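Chain by chain, the residues run as shown.
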Amino acid sequence: MPREDVKSFLRTKYLPHIWCPGCGHGIIMHAVLRAVTELKIPQEKLCISSGIGCSSRMPGYIDACTLHTAHGRSLAFATGVKMANPELTIVNVMGDGDATAIGGNHFIHACRRNIGIAAVIMNNNIYGMTGGQASPTTPEDTFATTALYGAIDPVFDICKLAIGAGATYVARSTVAQPMLCEQLLKKAIEHQKNGFSVVEIVSYCHTQFGRRNKRGKAFDNIKYLRDNSIMKAKADTMSAEELKGKMIIGEFLNINNAGEYTKRYDEVILRAKKA
Amino acid sequence: MSQIKFWQGNKAVAMGALAAGCRFFGGYPITPSTEIMEVMSEKLPELGGKFMQMEDEIAGIAAGIGASIAGEKAMTASSGPGISLKQELLGYAYMAEIPIVVVNVQRGGPSTGLPTKVSQADVMQAKWGTHGDHATIAYAPSSVQECYTTTIKSFNMAERFRQPVLVLSDEIIGHMREKIVIPDSETLEIIDRKKPKVSPADFIPYKADDDGVPPMAAFGDGYRWHVTGLTSDDWGFPTNKTEEIEKKANRIISKVERFREDIIEYKEDFMEDAEIVVVSYGSVSRSALRAIRVLREQGVKVGHFRPITLWPFPERQIAEISKKVKHIIVPELNAGQIVLEVERIACGKCEVHRKSLINGELYKPEEIMTFIKELA
Ligand SMILES: Cc1ncc(C[n+]2csc(CCOP(=O)(O)OP(=O)(O)O)c2C)c(N)n1
Ligand code: SF4
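Not measured: the values here are computed from a predicted model. (Residues numbered from 1 in each chain as written. Chains lettered and ligands numbered in written order. Predicted model: local features only at pLDDT ≥ 70, side-chain atom pairs only at ≥ 80, totals over all residues. Heavy atoms only, no water.)

Enquirer: Before we go on, may I ask you to explain the site of ligand 1 in this structure?
Expert: In the region of ligand 1, 18 residues are neighbours, and A:Cys54, A:Ser55, A:Gly97, A:Asp98 and A:Gly128 sit closest. Site remark: ligand 1 is flanked by residues from chains A and B. At 3.0 Å, a side-chain N or O of A:His25 approaches an oxygen atom of ligand 1. At a separation of 2.8 Å, an oxygen atom of ligand 1 approaches a polar backbone atom of A:Cys54. Isolated, ligand 1 exposes 590 Å² of accessible area, and the fraction of that covered by the protein chains is 76%. Take the shell around ligand 1: its biggest share by element is four residues, from helix 4 (residues 96-102) of chain A. Split by residue class, the shell around ligand 1 holds six nonpolar, nine polar and three charged. (Near = heavy atom within 4 Å. Polar contact = N/O pair within 3.5 Å; in protein donor to acceptor, adjacent residues only side chain to side chain. Areas by Shrake-Rupley, 256 points an atom, 1.4 Å probe, with all protein chains shown as cover. Helix = DSSP H or I, 4+ residues; strand = E, 2+ residues; numbered from the N terminus. Nonpolar A, V, L, I, M, F, W, Y, C, P; charged D, E, K, R; others polar.)

Enquirer: Explain the domain arrangement of chain B to me, please; I cannot follow it from the model alone.
Expert: As a measure of interface size, the accessible area lost when the parts come together is often cited. Residues and elements named next belong to chain B. Considered domain by domain, chain B is made up of domain 1 (3-187) and domain 2 (267-375). Here domain 1 and domain 2 have C-alpha centroids that lie 26 Å from each other. Of the residues lining the interface, 27 residues belong to domain 1; the matching set on domain 2 comes to 23 residues. Note on domain 1 versus domain 2: buried area summed over both sides is about 2,000 Å², and carbon and sulfur give 58% of it. Considering only the surface of domain 1 that becomes buried against domain 2, Gln120, Val123 and Met124 emerge as the three largest contributors, covering 31% of it. (Domains from an automatic or database assignment. Contact = heavy atoms within 4.5 Å. Buried area = accessible area lost by both parts, 1.4 Å probe.)

Enquirer: Just checking my understanding: could you explain the sheet that holds strand 4 (residues 118-123) of chain A for this structure?
Expert: Within a sheet, adjacent strands bond to each other through the backbone by hydrogen bonds, running parallel or antiparallel. The mixed open sheet is built from nine strands, whose spatial order is 7(A)-8(A)-5(A)-6(A)-4(A)-3(A)-1(A)-2(A)-10(B). Looking along the sheet, the strands with just one partner apiece sit at the ends: strand 7 (229-231) of chain A together with strand 10 (226-228) of chain B. Neighbour-to-neighbour, the strand axes of the sheet open up by a mean angle of 20°, direction not taken into account. Here helix 6 (residues 158-165) of chain A sits on the sheet and contacts strand 4, strand 5 (169-174), strand 6 (197-202) and strand 8 (247-254) of chain A; the angle it forms with strand 5 of chain A, its principal contact strand, is near 175°. (Pairing = 2+ DSSP bridges. Axes fitted to C-alpha atoms, helices over the stretch in contact; angles between N-to-C directions.)

Enquirer: Mind showing me how you'd approach the site of ligand 2 here?
Expert: Around ligand 2 sit A:Trp19, A:Cys20, A:Cys23, A:His25, A:Cys54, A:Asn124, A:Gly128, A:Cys205, A:His206, A:Thr207 and A:Gln208, and that is every residue in its neighbourhood. For the shell around ligand 2, the class distribution of residues is five nonpolar, six polar and no charged.

Enquirer: I keep staring at the pattern of salt bridges and nothing clicks. Help me out?
Expert: Side chains that differ in sign of charge can pair as their charged atoms come close. All chains considered together, the criterion is met by 40 salt bridges over all chains. Of the charged contacts in the structure, one is a salt bridge between A:Arg172 and A:Glu200, with a shortest N-O distance of 3.0 Å. One end of the pair, A:Arg172, is in strand 5; the other, A:Glu200, is in strand 6, and 28 residues separate them in sequence. The class of A:Glu200 is buried, set by a relative accessible area of 4%. The salt bridge partner of B:Glu97 is B:Arg251, with a shortest N-O separation of 2.6 Å. With a gap of 154 residues between them, B:Glu97 in the loop between helix 4 (80-96) and strand 5 (100-108) and B:Arg251 in helix 8 (residues 242-257) connect regions that are remote in the sequence. (Salt bridge = Lys/Arg side-chain N within 4 Å of Asp/Glu carboxyl O. Buried < 20%, exposed > 50% of the residue type's maximum accessible area, 1.4 Å probe, protein only.)

Enquirer: I tried to follow the nonpolar core on my own but got confused; where do I start?
Expert: Within soluble globular proteins, side chains that are nonpolar generally end up buried alongside one another. A:Phe196, B:Met40, B:Ile65, B:Met75, B:Phe219, B:Trp225 and B:Val227 are the most contacted members of the largest nonpolar core, which has 134 residues in total. Here this core gathers at least three residues from each of two domains, domain 1 (3-187) and domain 2 (267-375) of chain B. Membership of the second largest hydrophobic core comes to 40 residues, among which are A:Ala31, A:Val120, A:Met122 and A:Leu180. (Core = buried A, V, L, I, M, F, W, Y, C linked by side-chain atoms within 4.5 Å.)

Enquirer: Which parts of the structure should I look at to understand helix 7 (residues 178-190) of chain A?
Expert: Between its first and last C-alpha atoms helix 7 of chain A spans 18 Å; for 13 residues at 1.5 Å apiece the expected length is 18 Å, and the two agree. Among the residues of helix 7 of chain A, those classed as buried are A:Leu180, A:Cys181, A:Glu182, A:Leu184, A:Leu185, A:Ala188 and A:Ile189. (Expected span 1.5 Å × (residues − 1).)

Enquirer: Hey, could you run me through the sheet that holds strand 13 (residues 302-307) of chain B in this one?
Expert: Residues and elements named next belong to chain B. Within the open sheet, the five strands sit side by side as 11-13-12-15-16. Their pairing is mixed. Where the open sheet ends on each side, the last strands, each with one partner, are strand 11 (266-269) and strand 16 (351-356). Between one strand axis and the next, the sheet turns by 20° as a mean value, whatever way the strands run. Two elements, strand 15 (residues 327-332) and strand 16, share six bridges in a ladder whose sense is parallel. Paired with Ile328 across the two strands is Val352, which belongs to strand 16. Packing against the sheet, helix 11 (residues 315-324) makes contact with strand 11, strand 12 (276-279), strand 13 and strand 15, and its axis sits at approximately 165° to strand 13. On top of the sheet, helix 13 (residues 365-375) reaches strand 12, strand 13, strand 15 and strand 16; it is set at about 160° to strand 15, its chief contact.

Enquirer: When you look at the packing of aromatic side chains in this model, what are you seeing that I'm missing?
Expert: Each aromatic ring pair is summarised here by two numbers: the centre-to-centre distance and the angle between the ring planes. Considering all chains together, one arrives at 12 aromatic pairs over all chains under this definition. Geometrically, the ring pair formed by B:Phe219 and B:Trp225 is edge-to-face, given 5.4 Å between the ring centres and 80° between the ring planes. Side by side, B:Phe219 and B:Trp225 carry an identical accessibility label, which is buried. Residues B:Tyr266 and B:Phe305 carry aromatic rings whose centres are separated by 5.1 Å and whose planes lie at 20° to one another, so their mutual orientation is stacked. Here B:Phe305 lies in strand 13 and B:Tyr266 lies in strand 11, a separation of 39 residues in the sequence. Accessibility expressed as a relative area gives 33% for B:Tyr266, which makes it partly exposed. Joined through ring pairs, the aromatic side chains of B:Tyr206, B:Phe219 and B:Trp225 make up one cluster. Lying across the ring of A:Tyr224, A:Arg215 places its NZ or CZ 3.6 Å from the centre. Above the face of the B:Phe259 ring, B:Arg160 is positioned so that its terminal group lies 5.0 Å from the ring centre. (Phe/Tyr/Trp six-rings, centres within 6.5 Å; stacked < 30°, edge-to-face > 60°. Lys NZ or Arg CZ within 6 Å of the ring centre and 35° of its normal.)

Enquirer: For this particular structure, what's the right way to read unusual backbone geometry?
Expert: Excluding glycine, most residues fall at negative phi; most peptide bonds, likewise, are trans. The amide bond that connects A:Leu15 to the next residue, A:Pro16, takes the cis arrangement and shows omega of 0°. Looking at where A:Pro16 falls in the secondary structure, it is placed in the loop between helix 1 (4-7) and helix 2 (25-38). Here the amide bond leading from B:Trp311 into B:Pro312 is cis, since omega sits at -5°, within 30 degrees of zero. On the secondary structure map, B:Pro312 appears in the loop between strand 14 (309-311) and helix 11. Positive phi is not limited to glycine here, since B:Ser111 has a value of about 55°. On the secondary structure map, B:Ser111 appears in the loop between strand 5 and strand 6 (114-118).

Enquirer: What is the right way to look at the pairing of strand 5 of chain A in this model?
Expert: Successive side chains on a regular strand alternate, one facing one side of the sheet and the next facing the other. Residues and elements named next belong to chain A. Among the six residues of strand 5, six are classified as buried, and the element is accordingly described as predominantly covered. Burial along strand 5 is two-sided: the residues Tyr169, Ala171 and Ser173 and Val170, Arg172 and Thr174 are all buried. Pairing geometry for strand 5 and strand 6, over six bridges, is parallel. Following the sheet pairing, Val170 is matched in strand 6 by Val198.

In structure tokens:
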């Protein structure tokens, strides 16, 4: 059962949620709520934004300033919110399709600007809401309603993409490690003062992906994620051969002195006023 | 004190926005609208506002909507392909009822079309471009002065009705330089969105006042609320109940339609005894007015009606005119768009003549004189 302080952040009137029983996304919402309550962020100063997808329905259940935008565009909306009110803490949640397919351009540019937003990518390797089509993170040789003969498209490594694009805090967990999710989310949310943070949380969609890929039950997926994820410190000691097919979890990047965008914009204002 | 300047139309749009209180701009460069963002990038930070060159036009309007939700007056500007890209999020702003001003400096299309040449072919797109029913408010300035004044009005209407408002400029108006009188800022009428009068605990985010418009809180000012592009109830949460769907769908249209006479603006010249009337707007109206002045001197009974708001369209006024005159000529830089409205409203009471120029040029006064003389 959720703690009392976590419960106070829920819009209980709108429960039960729309997620299928057993969906991995609920574990992420709980971790987000534990992180924001432990950080004691006032609900009035917390903005939870999202795009469109099963994952993106999360803000509706959270009693804060919540912004459910359009498919792929949430980070661009959140950028405007943050610029207009840099005091807001922004947690922007997205699905893998939302963040890396239709929203890929906004994602890399938010990383590049290093704007103070915590981006959470709920990666279930599939388009859940629209019924199981392949996404840019659907593994090769797995099946989707639009990859009936096995996917051949290589996948994005979301963390590497974020690092390459300039995010200054990058980490990964899976829903099989809820405490690690919470820890990384807390650091990512606190990192807003330093810039853009990305936490990829590998989730699952047993309904749409699992069913077609021999992981039809929620538990099969938790077990799969637990058995196939390795903490970064341990992974650093392993060979490429040993790491094949494994997900590396933990913190990959944490840079504190790159200059957060809204603060850098304050310098622009000072320069303009002097000119 | 009012001031006299010699400005470009695009600059007047930007300066009008600032005078209206715009403090956020998000955009992406595209001819012939780029000067607007360049002026904003210079002036906004001087006023403590924020300018952002975004990664594309979609991000430009998205960031503008976000800034508006956080309490700032926001604008984006674009042309042709960029305006097409913005359509989905224009719809978002209609549905979520977020004020924003979107400027379209029209150029030739479809597609990349004619980046440096004039067109009026986005008039119907302005009304129907995004999917779904909604009420459109769009101004068509025809001078540098009006670029300034209609942009201020656009902000006022966006704030009053909580929805996007369009400025439908065009390449000629945007790039033309002429004299403009900048009114004393004290004399300007500036409208700000209604703020909630109730405490956060009693706040029902989409519960409309009698005018059909719900007061709007800003993220960060103490109210907690949900914003979505899904059809929602008074609480702002998605609904599947038919009566709530219908209520929302009707309200976002009627909140504007009920006040159409407040919004509609037009200018009439030489109309008293006119037997022939030219209906034109934007850059074309300048050529038309010139043609009419010359022909009036020759005794031709011709008048001019210029819609300043293309949407809502001045229907009642056109209906009146159609009862009094023999001919209405509608010259446009498109294959016939506003003429469809005129034909529908005139409904056979007078003859309506469709004139189209779609070669990237502006009508010359002589060409419009020829149309009139053929009927005189
Ligand atoms: C512009 C646009 N294109 C397509 C859709 C349809 N659509 C809704 S959700 C979705 C995919 C969601 O997948 P993902 O982002 O991975 O989230 P999940 O549902 O798996 O959590 C799509 C394609 C849409 N709403 N808008
Ligand atoms: S379809 Fe998949 S992602 Fe969506 S709620 Fe169900 S299990 Fe979760």
